[in-house]
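Residue-level structure breakdown
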Amino acid sequence: MAQAASGALTSAGLVRAEIDGVLCGYATTLPHLMLANLFCERFSLRPQYAHGMAAGGATGAAMLMLARELVQSGRCRNVLVVAGENRLSGQTRDSSIQTLAQVGHADFEVPNGASVPAYYGLMASRYMHEAGITNEDLAEFAVLMRNNARRHPDSHLTQEITVADVLASKPIAEPLRLLDCCPISDGAMALIVSSEPSVGVRVKMVGAGQAHFHQHLTALQDVMNTGAGSAAKLAFQEAGLTTNDIDYLGVYDSFTITLLMLLEEIGFAARGQAAQRVRQGDFSQGGVLPLNTHGGLLSFGHCGVAGGMAHTVEAYRQFTGQAGVRQVKTPTHAYIHADGGVMSSHVSLILSREG
Amino acid sequence: MTNNQSVMTSLAQPYLEGLTEHVLRYQHCSACARAQTFAHDACQFCGAESPGWHTSTGRGHVHAVTVVGRAPSEAFRSLAPYTLVVVTLEEGARLMGHATPGVQIGDAVTATFFKHLDQTLVRFEPLG
């Protein structure tokens, strides 16, 4: 976290004293009451506004949205948004899986021996049934994310895979197989949201929206309307833009089904057609709508809140020409989406390049 | 002071006690006459407070299905692979439970009960 935060300070050309707001994501391996204070003391910051936040996988995007509210209202000038976790090495894999499974309902779901992949497996079965999705369709996204991750020096998973490899991988919670699931990783991310534009390329958050329809999978009333579309609509309305204006995507991908459902519900592909867009190359680095060029949670890795922030960090790098071999044609408008729980908390952000 | 967790748990007590008696209970709003998924302080549709509890026929249709190959804890490892479903009960509430392997979305099922370690759980079996 310190390394990520130092990197963000350097990149923004700011010194510690200029950070007057700090938002810090929760960590399952460090369930502390005051994580932002803990971080600030250790990193030597004395902000006038600071606290931790928790909205599951949507936490990173939710912190960025709040950071913008704080600078827009005049409460803060420079808000450091930071998260990190040693989710892989800080606990046993069993302990991690068990902790995460508790996002299920304590009385109605968890007692059945349900796991996070089981909640997503159930959701996948219903969505595949209603939208006519195949396992091959899901697998396309695993392959795309792996190909992208192979170009990022910090990726967790880089071994080349094919659609056949995904289909042949171990069943975890069918229809989801091992390669449909993200790994458990270590990592940290930091971004600074400022009231005044930095020097050089300016990236502005021009729209944001949220939606929270349910917490648990069983309470998800309609797989075709999880809240993702509602959150996106708010963001697009505020930005005065449509999906057609977007030329870079950073979309949450805890499982292949997550990514496919989000793209279709938000409208970046027609129902049942997202995989076809992958096959056409639309979402590839050189395509019309590059998607998660860092490799996403599926292959870059899932280190908790920081994993969900990586999509925005990568968008920032693409805007500012810092993506190296992953660089796409400089984006004009990027759409970011994160979800927490089982499509439970949704946060949409629209970032635009200025200057 | 009351422990928060026990307050939250007690809301579902009629359902949990029903399991040990091999009956399926669900919350029902007397104001708008709609069945509730889970247990709520107020009706999820009209907001009327304190929905009461009714007994379900236990029959319904499979809404979603998965086969868990990787159990989340040691307690369930001996059962793996096991089939989990979300069923839409005849009365309209949705409920998660175990199921007979091979059930498909849309199948008509009925609730049976089984004991795993010290807990009574629901297993949905094909009807007829």
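Here the residue numbering is sequential within each chain, running from 1 through the sequence in written order. Throughout, the order in which chains and ligands are written sets their labels, letters from A for the former and numbers from 1 for the latter. Local features are withheld for residues below a pLDDT of 70 in this predicted model, meaning they are given only at 70 or higher, and side-chain atom pairs are given and counted only at 80 or more; totals for whole chains, interfaces and linings count all residues.

Let's shift gears to the sheet that holds strand 2 (residues 49-53) of chain A. All names here are of chain A. One open sheet accounts for four strands, arranged 2-1-3-6; its pairing is mixed. One side of each edge strand has no neighbouring strand; the edge strands of this open sheet are strand 2 and strand 6 (186-194). With direction set aside, neighbouring strand axes in the sheet form an average angle of 15°. Of the strand pairs in this sheet, strand 1 (residues 21-25) and strand 3 (residues 78-86) are connected by four bridges, and their pairing is parallel. From the neighbouring strand, Cys24 faces strand 3, where its bridge partner is Val82. In this analysis, strands are considered paired if DSSP registers two or more bridges between them. Secondary structure elements are defined from DSSP: runs of H or I of at least 4 residues count as helices, runs of E of at least 2 residues count as strands, and each element is numbered from the N terminus. Axis lines are fitted through C-alpha atoms, for helices just across the contact stretch, and the angle between N-to-C directions can take any value from 0 to 180 degrees.

All names here are of chain A. Membership of the largest hydrophobic core comes to 148 residues, with the highest contact counts inside it found for Val81, Met123 and Leu349. In terms of residue count, the dominant contributor to this core is helix 5 (residues 116-131) (nine residues). Contacts here follow a simple rule: the backbone-placed C-beta atoms of the two residues must lie within 7 Å. Not counting residues within four places of it along the chain, the set of residues in contact with Leu349 comprises Ala61, Leu64, Met65, Met205, Ala208, Ala235 and Ile336. What makes a nonpolar core is a set of buried Ala, Val, Leu, Ile, Met, Phe, Trp, Tyr and Cys residues, with links drawn between C-beta atoms within 7 Å. Labels follow a simple rule on C-beta atoms placed from the backbone: if 20 or more others lie within 10 Å of a residue's own, it is buried; if 12 or fewer, it is exposed; otherwise it is partly exposed.

Contacts between chain B and chain A engage 31 residues on the former and 28 residues on the latter. Listing elements by their share of the side of chain B that touches chain A, those giving two or more residues are helix 2 (13-20), strand 3 (59-68), helix 3 (74-77), strand 4 (82-89), strand 5 (94-99) and strand 7 (119-126) of chain B. Broken down by element, the side of chain B that touches chain A gets its largest block of residues, six residues, from strand 3 of chain B. Amino acids outside the nonpolar list (Ala, Val, Leu, Ile, Met, Phe, Trp, Tyr, Cys, Pro) and the charged list (Asp, Glu, Lys, Arg) are all regarded as polar, and Gly is one of them. Grouping the constituent residues of the side of chain B that touches chain A by class yields 20 nonpolar, nine polar and two charged.

With that out of the way, let us pick up helix 1 (residues 2-12) of chain A. In an α-helix, one turn spans 3.6 residues; hence positions three or four apart end up facing the same way. Residues and elements named next belong to chain A. Along helix 1, the positions that sit buried rather than exposed are Ala4, Ala5, Ala8 and Leu9. The buried residues of helix 1 all sit within an arc of 140° when viewed along its axis, so they share a single face. Exposed side of helix 1, more than 90 degrees from the buried face: Gln3 and Thr10 are the residues found there. Elements that come into contact with the buried residues of helix 1 comprise helix 2 (35-43), strand 3 and strand 6. In the stretch just after helix 1, Gly13 is the one whose phi turns positive, near 65°. Within this analysis, the arc is defined by the directions that extend from the helix axis to the C-beta atoms.

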